[in-house]
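# Structural overview for review
The chain contents come next:
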Amino acid sequence: MKVNQAEITISAVKPEQYPEDGYPEFALAGRSNVGKSSFINKMIGRKSLARTSSKPGKTQTLNFYKIEEQLFFVDVPGYGYAKVSRSEREAWGRMIEQYLTGREPLRAVIQLVDLRHPPSEDDILMHDFLRHYNLPIIIVATKADKISRARLPKHRKIIKEALDLAPSDPLILFSSETGQGKEEAWAEIEKRM
């Protein structure tokens, strides 16, 4: 998809704040600092619509990015970040769960994992949660440019096995630096619109 128009429309914490445009929504889930903001920016061809931060745990709301008046990317708070209080983490958990399990326009969850490391316990828990609710999942393995070409198959295999992926489950190797995987990711998204 060629993106000319993209904007953040709302940062929501409860359902009554969600947009009512009815466009298909694609939630982005992943550990803090896995590269969700960089993924959004690369996918829409912008440098800084989604703010990246060297301090993980910055996203504390559901951020709705409207793209081409056709769909939304919904950035959800990153998981696995310990520097917030337990009650705050529980509140985020409820907000995220409510959104993921009850949002009618949600077409798929794009789960981002760091290709350099085996999926964390939190990655596996999130994947199991999404599967439990029969939510379509697109796995995007970020930071692919940080791994040598010769080692990519090994890292891909580790992710497939850790998340127990079926051969038909999409697993995209992605780099926000080089753009690797961008066309593949759009193809998976467009299939579900």
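Predicted model, so just to flag it, every value in this text is computed and none were measured. (Residues numbered from 1 in each chain as written. Predicted model: local features only at pLDDT ≥ 70, side-chain atom pairs only at ≥ 80, totals over all residues. Heavy atoms only, no water.)

### Overview of the pairing of strand 5 (residues 106-114)
Selection rule: The buried label applies to any residue whose accessible area, calculated with a 1.4 Å probe on protein chains only, is under 20% of its type's maximum; exposed applies above 50%, and partly exposed to all values in between. Secondary structure elements are taken from DSSP: a helix is a run of H or I of four residues or more, a strand is a run of E of two residues or more, and numbering for both begins at the N terminus. Note: two strands are recorded as paired if DSSP finds a minimum of 2 bridges between them. By convention, a crossover is right-handed whenever its connection, traced from the first strand over the helix to the second and viewed with the strands pointing away, goes clockwise.
Strand 5 sits mainly inside the fold: 8 of its 9 residues count as buried. One ladder, built from 6 bridges, connects strand 2 (residues 25-30) with strand 5; its direction is parallel. Along strand 5, the bridge assignment pairs Gly-30 with Leu-112. Pairing analysis gives 6 bridges linking strand 5 to strand 6 (residues 137-142), with the strands arranged parallel. Directly across from Ile-110, in strand 6, lies its bridge partner Ile-138. Taken together, strand 5, helix 3 (residues 121-132) and strand 6 constitute a β-α-β crossover, and its handedness is right-handed.

### Thoughts on the packing of aromatic side chains
We describe a pair of aromatic rings using the distance from one ring centre to the other and the angle between the two ring planes. Which entries qualify depends on this criterion: When two rings of Phe, Tyr or Trp (its six-membered ring) have centres within 6.5 Å they constitute a pair, described as stacked for plane angles under 30 degrees, edge-to-face for angles over 60, and tilted for the intermediate range.
According to the stated counting rule, one finds 9 aromatic pairs in the structure shown. Ring geometry for Tyr-18 and Tyr-99: centres 5.5 Å apart, planes at 90°, overall edge-to-face. Taken together, the residues span a long stretch of sequence, with Tyr-18 in the loop between strand 1 (6-12) and strand 2 and Tyr-99 in helix 2 (residues 86-102) at a distance of 81 residues. By relative accessible area, which is 7% here, Tyr-18 ends up buried. Through pairs of rings, three or more aromatic residues link up here, namely Tyr-18, Tyr-23, Phe-64, Phe-72 and Tyr-99.

### Focus on the pattern of salt bridges
The test is simple: We define a salt bridge as a side-chain nitrogen of Lys or Arg found within 4 Å of a carboxyl oxygen belonging to Asp or Glu.
Scanning the entire structure with this criterion turns up 10 salt bridges. Three or more residues joined by partner-sharing salt bridges are found here, namely Asp-21, Lys-66 and Glu-69.

### Concerning the sheet that holds strand 1
Keep this limit in mind: Note on definitions: angles span 0 to 180 degrees between N-to-C directions of axes, and those axes are lines fitted to C-alpha atoms, for helices only across the stretch in contact. Whether two residues are in contact is decided by their heavy atoms: any pair within 4.5 Å suffices.
Strand order in this open sheet of 7 strands is 1-3-4-2-5-6-7, and the pairing throughout is mixed. Pairing within the sheet leaves two strands with one partner each, and these edge strands are strand 1 and strand 7 (171-173). Put simply, the sheet's adjacent strands are angled 25° from each other on average, direction ignored. Sheet strands touched by helix 3: strand 2, strand 5 and strand 6. Its angle to strand 5, the strand with the most contacts, is close to 165°. Its contacts with the sheet put helix 4 (residues 152-162) on strand 5, strand 6 and strand 7, and the angle it makes with strand 7 is roughly 145°.

### Brief notes about the side chain of Glu-25
This is how it is decided: Between N or O atoms, a polar contact is any pair within 3.5 Å; within protein, one atom must be a potential hydrogen donor and the other a potential acceptor, and residues adjacent in sequence are included only when both atoms are from side chains.
Structurally, the position occupied by Glu-25 is in strand 2. Of the residues examined, Glu-25 reaches a relative accessible area of 1% and is grouped as buried. At a separation of 2.7 Å, a polar atom in the side chain of Glu-25 contacts the side chain of Tyr-99. Non-local contacts of Glu-25, meaning those with residues more than four positions away in its chain, are made with Phe-64, Phe-72, Val-74, Tyr-99, Arg-103, Pro-105, Leu-106, Arg-107 and Ala-108.

### Thoughts on the environment of Leu-165
The topology assignment puts Leu-165 in the loop between helix 4 and strand 7. Classification of Leu-165 as buried rests on a relative accessible area of 13%. For the pair formed by Leu-165 and Ser-148, sequence separation is 17 residues and the distance between their alpha carbons is 23 Å. With sequence-adjacent residues up to four places away left out, Leu-165 is seen in contact with His-127, Arg-131, Ile-139, Lys-160 and Leu-171.

### Notes on helix 5 (residues 182-191)
The condition that has to hold: In this description, one arc is meant: the one made by directions from the helix axis to the C-beta atoms.
Those residues of helix 5 that sit buried are Lys-182, Ala-185, Trp-186, Glu-188 and Ile-189. One side of helix 5 carries all its buried residues, which in axial view fall inside an arc of 160°. The outward face of helix 5, more than 90 degrees from its buried face, is lined by the exposed residues Glu-183 and Lys-191.

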